[in-house]
Amino acid sequence: MAAVAMSAGMALKSSFCGAAVQQSGATAVAAKPQRVAMFAVRAGGYDEELVKTAKTIASPGRGILAIDESNATCGKRLASIGLENNEVNRQAYRQLLCTTPGLGEYISGAIMFEETLYQSTSDGKLMVDCLKEGGILPGIKVDKGLVPLPGSNDESWCQGLDGLASRTAAYYKQGARFAKWRTVVSIPNGPSDLAITEAAWGLARYAAICQDTGLVPIVEPEVLLDGSHGIDRTLEVAEKVWSKVFYFLAENNVMFEGILLKPSMVTPGAECPERATPEQVAEYTLRMLKRRVPPAVPGIMFLSGGQSEVEATLNLNAMNQSPNPWHVSFSYARALQNSVLKTWKGQPENLEAAKKALLVRAKANSLAQLGKYSAEGEAKEAKEGMFVKGYTY
Ligand code: 13P
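Residues numbered from 1 in each chain as written. Predicted model: local features only at pLDDT ≥ 70, side-chain atom pairs only at ≥ 80, totals over all residues. Heavy atoms only, no water.

Chemist: I would appreciate a short explanation of the overall build of the chain in the present structure.
Modeler: Each helix and strand counted, the chain has twelve helices and twelve strands in total. Relative to its 393 residues, the chain shows a buried fraction of 54%. In the chain, once contacts between residues fewer than 6 apart in sequence are set aside, the share between residues at least 24 apart is 79%. Counting every atom, the chain has about 16900 Å² of accessible surface; 54% of that belongs to carbon and sulfur. (Helix = DSSP H or I, 4+ residues; strand = E, 2+ residues; numbered from the N terminus. Buried < 20%, exposed > 50% of the residue type's maximum accessible area, 1.4 Å probe, protein only. Contact = heavy atoms within 4.5 Å. Areas by Shrake-Rupley, 256 points an atom, 1.4 Å probe, with all protein chains shown as cover.)

This is the structure in structure tokens:
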């Protein structure tokens, strides 16, 4: 049995004990209030492993490659280079990403969509095994996507809790060691208290279920870039969101040492005329995190959210200019894949060049994790923003 972890799950409640019972015919004795500690104790069988997995992912100079686009979203990626969205093309693309030699030096984990977790390469090797041999831990997206939230201001909620425990147990058997659940918060649409509460509660239930079945949960309430608000408004919303998320994580006895976070950086809305420098983004984002995230959490793995490849890397670099209480790193999809797709174009003769392009981006972000990145010599295309209004995953 793994070590008992009580830090996140302790609850101290006061209660009345002893002499308060009134017996018939007897004089009532004044009740003496006593404080009794009632501990909701975590004793998960996977606790030690969860801590180890989270630490491995949050190891110096490494971050996560997010390749967990649903089939529909992967179709958008393929369409951008003129490829049809079918299983063979998705396999070819994911194979490129999962078999790039040397990637494990910069990438500690890769998040997959269910199709890829059970998929083999064209020569019959499981993608999961390719990753493991490259020193990369396999992860799995477990949410079932966003749907409208009735009663809200046109906002959404994230589905996927029904049957989650049996799915995560099966994913663990297939080799997954961590998971992702992405829900979103829209600033221009509110966000309403209802939407934030629903997002936070869903993330907390998901996290508890994952830990119970051996997967480190990545907790991702994405505050969308959409909107013309300034950076101060983003800070205000992000603080509110994370305070609710941590409240419910604690209520659900989630062990903080065995989770990873995937926040959005605190930036102005995509349509805000006032732009922020990497130093400002770093200052706001770290301020928000220091106010809301306990140091027990091992890693903060940012999403890129539509920033250009270089912008996402520069912002991460700025956040690593002085020591942080947590490993501050990346879990990028678009900001790691864009140059790769443009280089590959679906042509076998471009395969090696595309793998090199992936290594270039992975190495740049690895340097940014260590605070040692410079954008000098970066290609023009890597500086092009990828924000799409109302983007859905
Ligand atoms: P982006 O880096 O493209 O925002 O994607 C990260 C991700 O996995 C969203 O859930």
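On we go.
Chemist: Just checking my understanding: could you explain the sheet that holds strand β11 (residues 299–302) for this structure?
Modeler: Hydrogen bonds along the backbone pair up the strands of a sheet, which may run parallel or antiparallel. The strand order around the closed barrel formed by eight strands is β3-β4-β5-β8-β9-β10-β11-β12, and the pairing between neighbours is parallel. Sheet analysis places strand β4 (residues 107–112) next to strand β5 (residues 137–141), joined by four bridges and oriented parallel. Looking at the pairing, Ile111 lines up with Gly139 of β5. (Pairing = 2+ DSSP bridges.)

Chemist: What am I meant to see in the pattern of salt bridges here?
Modeler: When the charged atoms of two side chains with opposite charge come close together, those side chains can pair. Using the criterion set out here, one finds 17 salt bridges in the structure. Of the charged contacts, one joins Glu69 and Arg94 as a salt bridge, the two residues approaching to 3.3 Å between their closest N and O atoms. Highlighted residues: Glu69 in the loop between β3 (63–67) and α2 (71–79) and Arg94 in helix α3 (residues 87–98), separated in sequence by 25 residues. As far as the burial class goes, Glu69 and Arg94 line up, both buried. A salt bridge links Asp143 to Lys141, with the shortest nitrogen-to-oxygen separation between them at 3.3 Å. Exposure remark for Asp143: the relative accessible area of 6% places this residue in the buried category. One network of salt bridges, with partners in common, ties together Asp68, Lys180, Arg182, Glu220 and Glu222. (Salt bridge = Lys/Arg side-chain N within 4 Å of Asp/Glu carboxyl O.)

Chemist: I would appreciate a short explanation of the packing of aromatic side chains in the present structure.
Modeler: Centre-to-centre distance and the angle between the planes together describe a pair of aromatic rings. Counted under the stated rule, the structure contains eight aromatic pairs. Judged by centre distance (5.3 Å) and plane angle (25 degrees), the rings of Trp181 and Tyr206 are stacked. Of this pair, Trp181 sits in strand β8 (residues 178–185) while Tyr206 sits in helix α7 (residues 193–212), and the two are 25 residues apart along the sequence. Residue classification places Trp181 among the buried positions, given a relative accessible area of 1%. Judged by relative accessible area, which is 0%, Tyr206 ranks as buried. On the basis of an interplanar angle of 85 degrees and a centroid distance of 5.3 Å, the ring pair of Trp201 and Phe248 is categorised as edge-to-face. Taken together, the positions of Trp201 in helix α7 and Phe248 in helix α8 (residues 231–251) put the pair 47 residues apart, joining distant regions of the chain. Exposure remark for Trp201: the relative accessible area of 37% places this residue in the partly exposed category. A network of ring pairs unites the aromatic residues Trp201, Tyr247 and Phe248 as a single cluster. (Phe/Tyr/Trp six-rings, centres within 6.5 Å; stacked < 30°, edge-to-face > 60°.)

Chemist: When you look at the pairing of β5 in this model, what are you seeing that I'm missing?
Modeler: Note on strand geometry: in a regular strand, side chains alternate between the two faces of the sheet. Judged by how many residues are buried, β5 sits mostly within the fold: four of five residues are covered. Where β5 lies against β8, three bridges are found, and the strand directions are parallel. When the bridges of β8 are listed, Ile140 appears paired with Ala179.

Chemist: Just checking my understanding: could you explain the environment of Lys240 for this structure?
Modeler: Mapping Lys240 onto the fold places it in helix α8. Linking Lys240 and Asp193, residues 47 residues apart in sequence, is a C-alpha distance of 9.4 Å. Apart from residues lying up to four places away in sequence, Lys240 is in contact with Asp193 and Ile196.

Chemist: Help me understand helix α12 (residues 351–369) in this model?
Modeler: The α-helix winds at 3.6 residues per turn, so residues separated by three or four positions along the chain end up facing the same way. With 19 residues, α12 should cover 27 Å at 1.5 Å per step; its first-to-last C-alpha distance of 27 Å lies within 8% of that length. Residues Ala354, Lys355, Ala357, Leu358, Arg361, Ala362, Ala364, Asn365, Ser366, Ala368 and Gln369 constitute the buried set of α12. Structurally, α12 contributes buried residues whose contacts are with β3, α3, β4, α10 (309–319), β12 (327–332) and α11 (334–344). Taken from the residues just after α12, Gly371 is the one with a positive phi, measuring 75 degrees. (Expected span 1.5 Å × (residues − 1).)

Chemist: Can you help me understand the nonpolar core in this one?
Modeler: A general feature of soluble globular proteins is that nonpolar side chains tend to end up buried together. Core analysis: the biggest nonpolar cluster contains 104 residues, and Ile107, Tyr206, Phe246, Leu249, Leu261, Phe302 and Tyr332 have the highest contact counts within it. Ranked by residues supplied to this core, first place goes to α8 with ten residues. Ignoring sequence-local partners within four residues, the contact set of Leu249 consists of Leu203, Ala204, Ala207, Val219, Val254, Phe256 and Ile259. (Core = buried A, V, L, I, M, F, W, Y, C linked by side-chain atoms within 4.5 Å.)

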